[in-house]
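Architecture at a glance
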Amino acid sequence: MSTIWGLSGAAAPYRYTGCVRSAVLRAKYQGEPWTAVELGVEMARLLFGSEIVMRGAEPTPQRVEGLSLGYDAIVPVPASSKKRGYNVPERMARPLAKAVGVPLAANALGRARTGRHQAGLSLDERLVNVAGAFRVLEPDNVDGKRVLLVDDVITTGATAAACAQALLDAGAQSVFAVALATVEFDALPSRSQPIAETAEEDEKEIEKT
């Protein structure tokens, strides 16, 4: 299978716009961890065909038989900051773990260093910015495993690629990335062109509040 910067593949059911973008921003910057979980439930439904049932007021994905044959562990992309108090991709990964039926290795991957904000950087700059930014903290949870990597949004794939490289260096057999949404460009930017999507500019403003 051909790879994308070390990934065996990637998928996202939505474009990062409208109400999807608003929900992600609420989860990331307005203290709504429950929104992140609900977005993960939606990913389980759309990406893996999980049936969603209500348990009290909580939507819960049901396990899809056979999915565990393709993956051995679910790993969320680490949070860029600890000040939020929770990690959005980790909250999104919880319902995915139920749907796929494999363990969630919530702390398997960590940040080796903090890079610059990706907004406004070109593709080449993004790749440099995240190169070596991640490290595996729990090698036993990824060694020889087929990893499902979970993030909230995929823009250029630079972050997912850097995470995949760290996981593969630690012995992971393969890494497939999923996210709730991906950014769609009107025209493919050149490798040196600054990428500053409206959504990311909104995030920078929210970070100031």
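The preceding data block contains the structure.
Attention in this report is confined to the structure presented alongside it. Everything quoted here is computed from the prediction, not taken from an experiment.

1. Topic: the pattern of salt bridges
One pass over the full model with this rule turns up six salt bridges. In this structure, the salt-bridge partner of Arg-146 is Asp-72, at a minimum N-O distance of 2.9 Å. Here the residue Arg-146 occupies a position in strand E8 (residues 146-154), and Asp-72 occupies one in the loop between strand E4 (58-61) and strand E5 (73-76), the gap between them amounting to 74 residues. Between Arg-91 and Glu-90 there is a salt bridge, with the nearest N and O atoms lying 3.5 Å from each other. For Glu-90, a relative accessible area of 12% puts it in the buried group. Residues participating in the shared-partner salt-bridge network are Glu-90, Arg-91 and Arg-94.

2. Some points on the nonpolar core
In terms of nonpolar packing, the biggest core is built from 30 residues, with Ile-74, Met-92, Leu-96, Val-100 and Val-150 touching the most fellow members. Counting residues per element, the ones that place at least two in this core are helix H1 (18-29), helix H2 (33-48), helix H3 (88-100), E8 and strand E9 (174-182). No other element matches the seven residues that H3 contributes to this core. Listed in part, the 23 residues of the second largest apolar core include Val-75, Val-77, Phe-134 and Val-175.

3. Comments concerning the environment of Val-53
Checked against the element boundaries, Val-53 lands in strand E3 (residues 52-55). Assessed through its relative accessible area of 25%, Val-53 is described here as partly exposed.

4. A short note on H1
Between its first and last C-alpha, H1 extends 16 Å over twelve residues, near the 16 Å set by a 1.5 Å rise per residue. Buried within H1 we find Val-20, Ala-23, Val-24, Leu-25, Ala-27 and Lys-28. At the C-terminal side of H1, Gly-31 shows a positive phi close to 60°.

Parameters at a glance
Residues numbered from 1 in each chain as written. Predicted model: local features only at pLDDT ≥ 70, side-chain atom pairs only at ≥ 80, totals over all residues. Heavy atoms only, no water. Salt bridge = Lys/Arg side-chain N within 4 Å of Asp/Glu carboxyl O. Helix = DSSP H or I, 4+ residues; strand = E, 2+ residues; numbered from the N terminus. Buried < 20%, exposed > 50% of the residue type's maximum accessible area, 1.4 Å probe, protein only. Core = buried A, V, L, I, M, F, W, Y, C linked by side-chain atoms within 4.5 Å. Expected span 1.5 Å × (residues − 1).

Keep in mind these values describe shape, not function.
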